[in-house]
Every structure is written in structure tokens, then in C-alpha cells.
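Summary of structural features
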Amino acid sequence: MIERSAAALLDSLSRGEMSAEALTAAFLAAIRQREPKVRAFLHVDEAGALEQARAVDLRRQRGEPLGPLAGLPVAVKDLLCTRGQRTTCASKVLEDFVPPYDAHVVTRLKQAGAILIGKTNLDEFAMGSSTENSAYQVTRNPWDLERTPGGSSGGSAAAVAAGEAPLALGTDTGGSIRQPASLCGVVGLKPTYGRVSRLGLVAFASSLDQVGPFAHDVAGVARLLEVIAGHDPRDSTSVDRPVPPYSQSLERPVKPLAIGVPREHFGAGLDAAVEQAVRAALALYQRLGAEVKEVSLPNSPHAIAAYYLVATAEASSNLARYDGVHYGHRAAVYDDLIHMVERSRGEGFGAEVKRRIMLGTFVLSAGYKDAYYLKALKVRRLIRTDFDRAFQECEVIAGPTSPTPAFKIGERTDDPLTMYLSDVYTIGANLAGIAGISIPCGFTGTGLPIGLQLQAPPFEEEKLLRIARLYERETDWHTRRPKLV
Ligand code: GLN
């Protein structure tokens, strides 16, 4: 049961072949059995999940209207506020934080009848690419327990890959949905900036953050996106545009279809097996009638630098609120107010978060702001212009999601720059505010998943999903599951 796709499970539920309670119990059993190895969850709400499932079953029995995800368990990254349930952001600072409200996307999940099964692990405040920066635990890649699931939404990606939840929510500021999806062999989508409300998403870099779905396949991602997308007046950056019924149009062909391949995404540092799998995927698109052509994103070599200026600047400002007064951890011993704030922050934040706050404070400081922060904003504009130009020639831009498959736990923790390079292909989409998806496109010789990234112009998620589905329909990578006893 737990190996099946979200769409198949929803069909079975609606036909009455199984109850939401039985389905939820099956996933809870999988969690109990597999979590000692995978450690994707920070909290599992066994009792609450079963209670929600019984409520759905009762509604169904009574013939009452049911939402589009009625009875289906969904795992939620612990960066999204859940009312009455701890939301730690994988930080000691928020160890005991219980939000008094739900994130907008969590409200949407509840309205859709989804079962909130638990909160997943992440890099502290979503800062990282391996989930190793969690203050609580290291999540393991279900395909190889010695390796990371990627990050920062590594818990959500691993939970889906491990069969612990059929759907999950993550967030993507620089690649945190697409990169772990790629490393865990699942589908993950970063929506256009403004497509999904950020209300109740704990802010890392507000101009880049976006919530998005994980699933085994494109249809699952489409169903979850349908539920979470749309205007929310409480987030001033959320855009008031209709939400297309993404899951209804997946099988419709896209014609003509031109796929742009940025030459800058096939340079130094790209793993040979990854390149081979991605090139094979492009060849398949060609056989299916697509025109595959080279495009250029000339400013993409500057994306990492621009991102680490913009993202850290915003983070330093956003994280100023954890002062020991308003939120979270407060030091037990201190002399005066300043000392209390210093100690509370010093004790509460992990090393990577401190590094980012210092970087961000520096690049915003008088005398350096023009040279670093404002310059980065200009580069960001150029990166957006690169994409706009490239999209005049193609429907989507395709390439590898991550330059390498899953790396070993500990391999990059001493070297922040190498870790930052994990996102070299994904960061551009965040800076430009466009949509991107990662879909499984093969395995390395040692059985590690490889992801294909497709990127589309703003608000073209419908087309993006259809083009992803075109490939998926012809391949079976998305049906493979790791062997976890
Ligand atoms: N890995 C990138 C970073 O560390 C992106 C993280 C994210 O998308 N949240 O900032």
C-alpha cells in the first residue's frame, strides 16, 4: 500500500477500497519500522493523524463533501507553522516553540482533508544542502544510508522516498526542494515566487522563499500544488491569479515543444553519470518530437555569489527576531539585557546559521552595502534577464538538478563552499523567481538516483508539469523504490 502513488491511493480511498484510518495506520507502521534508519521526521503525530483519518472516514460514510486530498497522509517540513504543534525549524532557538496559528499551506491541507502525519527534518532554518545542519538529527538517504538526502528539505524528500508518506511539503530558497528530490529519486517542484503564500513559513530569505510539493510522480506533485497554490491576502507577495487544475491537463501534449539546454550547466564539476543520464533524457525528449537546442545563461556563473549576498542579508534581518525576548531560547545566566541577547543567540543558533548572520550583517553594513548587497541585486536582475531571453526560444530549460548524486554524510560539512556548490544549477530560478521541477531520470552505477531539472517562465507550472509528465510517461524511474526492510 505504502509504495503506491498519491493518485492511486486517492482513487482507492474514494472507491472505498480502504479507509483513511487503515491507510494512515499503514504509513504510521512504515514510519515506526523505517525511522530508526532514515530519521526523516522530527515529530510524528500518531494519535492526531489517526483521529483526523477517522473524521474523514466518518464524513465519507455520511456522504458529506470531501476535499481533494481527503484521507491522504502528508508530511510537512518543520519550517511551516502548525497550530498547537511544535515547529522547531530544526533549531535549538525554537526548541519549544508552539505556533498559535497554521501556515496558509497547512490550512489548505486541512481544508483539503489531508492527514498531517508529522513534521520533517531540515537544515536549521533551511540553511544547507544536506540536512546535516539540523540541531536534532541527521537524516539519511533511503537509497544509501551512508549518504545525505540533500537539503534543506531532506526530511520531506526522504520521507516520500522511504514510503513514510505519499506526499510532503518543503520549501525552496535556493534549491531546497529540487536538490533533495533529485538526490532521493522523487519529484519536487518549486513554484513561481508568489504562486504559494508564505504566511506561516518561517522566513529565511523572504524574496526567495517558496513552499512546494514532493511526491513519487508528477501527478502527485500536481495534486498537492493545486491545493496549496493561490492568492492569500495575508501575504503581500502572493499573486492574485487563477490556479489552473494542474492534475487535469497532465496528459495533454505540448506542441510545439522547444527545450533549451544552457551550455553553462554542463561545465566543470558535473559528475559523469549525472551528465550521461541527463543527456539521455534530452535524447528521449528529442525522440518524442521536441526540439532540443542550446541556450545561454551568461550570468549564471555569478548566481552562487549573488545568492549568498542576497540570502544572507535577508537572513540576518529575518533572524534578528530571535532575541530571547520575543521568541524561543533564553539563556539561563546573564548580566544585563545586551548580555542576555548575546548569550541567547550564541547558545541557540548553530554554526551555519551564525556564519550566515555574520555574512549578511557584513554585506549590509555601512560602507559595504553598495559594494556587496546592491551589486548583488544588480546581478540578480541580469540573471532574470538571461532567463527571459532564453525563454523567448524555448518552453522550458533543462539540465541536471544537482551536479552530483547524493554525497556521503560528513563529506562536505567542513567545507561550506563545496556545500554551497550543491545548488549551482538551482539557485538561478530563485533569484529570477521562476518555476522549476526535478524529476527522476536515472541511477548511477551504484544505485543512486539522478534528477533532471526543468525550469519554466513565471506562472507556467501547468506547462512545466505537462512537459515533465511527457518524459515520465515513457520511463519507469519514478516507480523504483529503495530496499528498506
Ligand atoms: N542550500 C542553499 C542554502 O544553503 C539553499 C537552501 C534552501 O533552498 N533553503 O542556502
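See the structure shown above.
These figures come from a predicted structure and were not determined experimentally. (Residues numbered from 1 in each chain as written. Predicted model: local features only at pLDDT ≥ 70, side-chain atom pairs only at ≥ 80, totals over all residues. Heavy atoms only, no water.)

**Regarding the packing of aromatic side chains**
Here is the rule: Pairing of aromatic rings covers Phe, Tyr and Trp, the last through its six-membered ring, and needs centres within 6.5 Å; plane angles under 30 degrees mean stacked, over 60 mean edge-to-face, and all others mean tilted. Partly exposed residues are those whose accessible area sits between 20% and 50% of the maximum for their type, while under 20% is buried and over 50% is exposed, using a 1.4 Å probe and protein chains only.
Applying the stated criterion across every chain yields a total of 14 aromatic pairs. Residues Tyr368 and Tyr372 carry aromatic rings whose centres are separated by 6.0 Å and whose planes lie at 25° to one another, so their mutual orientation is stacked. Under the relative-accessibility criterion, Tyr372 is labelled partly exposed at 34%. Of the aromatic side chains, those joined through ring pairs into one cluster are Phe97, Phe125, Tyr322, Tyr327 and Phe349.

**A look at the site of the ligand**
Just so we agree on the cut-off: We define proximity as follows: a residue is near a molecule or strand when any one of its heavy atoms falls within 4 Å of that partner. As used in this structure description, the phrase polar contact means that two N or O atoms lie within 3.5 Å; if the pair is within protein, one of them must be able to donate a hydrogen and the other to accept it, and residues adjacent in sequence are counted only when both atoms belong to side chains. Here the accessible surface of atoms and residues is derived via Shrake-Rupley with a 1.4 Å probe, and residues count as covered only by protein chains that are part of the display. Classification convention: Asp, Glu, Lys, Arg as charged; Ala, Val, Leu, Ile, Met, Phe, Trp, Tyr, Cys, Pro as nonpolar; all other residues, Gly among them, as polar.
The full set close to the ligand counts 15 residues, and Gly174, Ser176, Tyr307, Arg356 and Asp423 are the nearest of them. Within the side chain of Ser176, one N or O atom sits 2.6 Å away from an oxygen atom of the ligand. Out of a free accessible area of 290 Å², the ligand has 100% covered by protein chains. Its residues assigned to classes, the shell around the ligand comprises 5 nonpolar, 7 polar and 3 charged.

**Some words on the pattern of salt bridges**
When the charged atoms of two side chains with opposite charge come close together, those side chains can pair. Defined as follows: The rule for a salt bridge is simple: a side-chain nitrogen of Lys or Arg has to be within 4 Å of a carboxyl oxygen of Asp or Glu. Only DSSP runs of H or I reaching four residues or more are called helices, and only runs of E reaching two or more are called strands; each is numbered from the N terminus.
Tallied over the full model, the rule gives 24 salt bridges. Put simply, Glu46 and Arg32 hold a salt bridge, and the shortest N to O gap is 3.1 Å. Highlighted residues: Glu46 in helix α3 (residues 46–61) and Arg32 in helix α2 (residues 20–38), separated in sequence by 14 residues. When its relative accessible area of 31% is taken as the criterion, Glu46 is described as partly exposed. Overall, the relative accessible area of 51% leaves Arg32 in the exposed class. The network of salt bridges with common partners includes Glu251, Arg469, Glu472 and Arg473.

**Remarks on the sheet that holds strand β11 (residues 449–456)**
The cut-off we apply is this: For two strands to count as paired, DSSP must find a minimum of two bridges between them. Axis geometry follows a simple rule: fit a line to the C-alpha atoms, using only the stretch in contact for helices, then measure angles between N-to-C directions, giving values from 0 to 180 degrees.
Sheet architecture is open: 11 strands sit in the order β1-β3-β2-β4-β6-β5-β10-β11-β9-β7-β8, paired in mixed fashion. Each end of this open sheet is capped by a strand with a single partner; those strands are β1 (41–44) and β8 (291–295). Across the sheet, the axes of successive neighbouring strands diverge by a mean angle of 25°, strand direction being ignored. Pairing between strand β7 (residues 258–262) and β8: 5 bridges, direction parallel.

**Here's the deal with a nonpolar patch on the surface**
Stated formally: Residues with no salt bridge and a relative accessible area higher than 30% make up the patches, which join like charges within 9 Å and nonpolar side chains (Val, Leu, Ile, Met, Phe, Trp, Tyr) within 5 Å.
A cluster of nonpolar side chains, namely Phe362, Tyr368 and Tyr372, defines an oily patch on the protein surface of about 280 Å² accessible area. Relative to the helices and strands, Tyr372 resides in helix α12 (residues 369–390).

**Structural notes on the pairing of strand β3 (residues 115–120)**
The criterion, for reference: Look down the strands so they point away from you; if the path from the first strand over the helix to the second goes clockwise, the crossover is right-handed.
Burial analysis of β3 places 6 of its 6 residues in the buried class, the great majority of the element. Bridge count between β1 and β3: 3 bridges; the pairing is antiparallel. Counterpart to Val44 in the pairing with β3 is Gly118. Judged from the 5 bridges that link them, strand β2 (residues 73–77) and β3 form a sheet pairing that is parallel. Across the sheet, the residue bridging to Pro73 is Ile115, located in β3. A crossover connection joins β2 to the parallel β3 through helix α4 (residues 104–111); in handedness this β-α-β unit is right-handed.

**Here we look at the packing of helix α7 (residues 218–228) against helix α15 (residues 461–473)**
For clarity, the cut-off: Roughly parallel covers angles under 35 degrees, roughly antiparallel covers those over 145, roughly perpendicular covers 65 to 115, and oblique covers all other angles. When the near helix sits turned anticlockwise from the far one by under a right angle, the crossing is termed left-handed; a clockwise turn instead gives a right-handed crossing. Any two residues whose heavy atoms approach within 4.5 Å at even a single point are treated as in contact.
Following both chains from N to C, one finds α7 and α15 inclined at 160°, their axes separated by 9 Å at the closest point. On the basis of their axis angle, the class for α7 and α15 is roughly antiparallel. Where α7 crosses over α15, the handedness of that crossing is left-handed. Residues Val218, Val221, Ala222 and Leu225 of α7 form the contact with α15, whose participating residues are Glu461, Leu465, Ala468, Arg469 and Glu472. Looking at side-chain class alone, the contact of α7 with α15 contains 6 nonpolar, no polar and 3 charged residues.

As far as function goes, none of this settles anything; it's purely spatial.
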